[in-house]
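Understanding the architecture of this molecule
This is what each chain is made of:
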Amino acid sequence: MASLIRLSTFCQRGIRPVLLCNTHLARGLAAYQKNRDVEPFRLAAGRIHTTSAHSVVSSSRAASKHWTGERVLSIVLLGMAPAAYLCPGPLLDYSIAAALTLHGHWGIGQVLTDYVHGDAKVKLAKAGVLLLSTATFFGLCYFNYHDVGLCKAVAMLWQI
């Protein structure tokens, strides 16, 4: 995991940074260049990948909000299980259909992120997951509308 280091701490110690003193580095300061002719410890500008502080913060916020949304959805699904048993109804049936579909879509998306590589393969896999998630949601909605609904169907399975 890349650590974010504020260069302002190094500005006070007399080391001249590559960027301004209040920016962040995406990677740690691992690329020191020892050159006794110029300066003892000078940052090697060509070997450090730098990004603007705005993009690092905005992408980390988006990832953090997505992670929080996944966890909230998981907790909501845990609460829907007893609610589905105690008071089944169409509102809860459709809510469970949406929550399960979204939960599965996010989960399969993470598996694709980890194991599918190559631009064309990733685009094809993501389109497949979107198609599968859409078909799942409409299938569950069709089952809720034309049959007994998810809550009663699970209760009927438990009675067997």
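Residues numbered from 1 in each chain as written. Predicted model: local features only at pLDDT ≥ 70, side-chain atom pairs only at ≥ 80, totals over all residues. Heavy atoms only, no water.

1. Some points on the overall build of the protein
When you go through the protein residue by residue, the secondary structure sums to five helices and four strands. In the protein, the order of α-helices and β-strands from amino to carboxyl end is β-α-β-β-β-α-α-α-α. Every one of the 160 residues in the protein was classed for burial, and the buried ones make up 22%. Pairs at least 24 apart in sequence give 45% of the contacts found in the protein among residues at least 6 apart. Approximately 11700 Å² of the protein is accessible, and the part contributed by carbon and sulfur atoms is 65%. (Helix = DSSP H or I, 4+ residues; strand = E, 2+ residues; numbered from the N terminus. Buried < 20%, exposed > 50% of the residue type's maximum accessible area, 1.4 Å probe, protein only. Contact = heavy atoms within 4.5 Å. Areas by Shrake-Rupley, 256 points an atom, 1.4 Å probe, with all protein chains shown as cover.)

2. Quick look at the UniProt feature "binding site: a ubiquinone" (unreviewed entry) in the protein
Following the UniProt record, the feature "binding site: a ubiquinone" (unreviewed entry) maps to Tyr115 here. By the secondary structure assignment, Tyr115 is in helix α3 (residues 90-115). The exposed category is assigned to Tyr115, whose relative accessible area is 66%. (UniProt positions renumbered as here; feature names shortened; annotations may be inferred.)

3. Section: the state of the cysteines
In this structure the tally under the stated criterion is zero disulfides. Free cysteine: Cys87, not disulfide-bonded; nearest cysteine sulfur from Cys151 at 8.1 Å. (Disulfide = S-S within 2.5 Å.)

4. Overview of the environment of Cys151
For Cys151, the position within the fold is in helix α5 (residues 150-159). With residues up to four places along the chain from it excluded, the contact list for Cys151 reads Ala84, Pro88, Leu92, Asp93 and Ile96.

5. Side note on the UniProt feature "binding site: heme b" (unreviewed entry) in the protein
Mapped onto the present numbering, the UniProt feature "binding site: heme b" (unreviewed entry) falls on His103. Within the element layout of this structure, His103 appears in helix α3. Discounting chain neighbours no more than four positions away, the residues touching His103 are Leu73, Ser74 and Leu77.

6. Structural notes on helix α4 (residues 119-146)
Between its first and last C-alpha atoms α4 spans 40 Å; for 28 residues at 1.5 Å apiece the expected length is 40 Å, and the two agree. Residues Ala125, Val129, Ser133, Cys141 and Asn144 constitute the buried set of α4. Lining the buried residues of α4 we find α3 and α5. (Expected span 1.5 Å × (residues − 1).)

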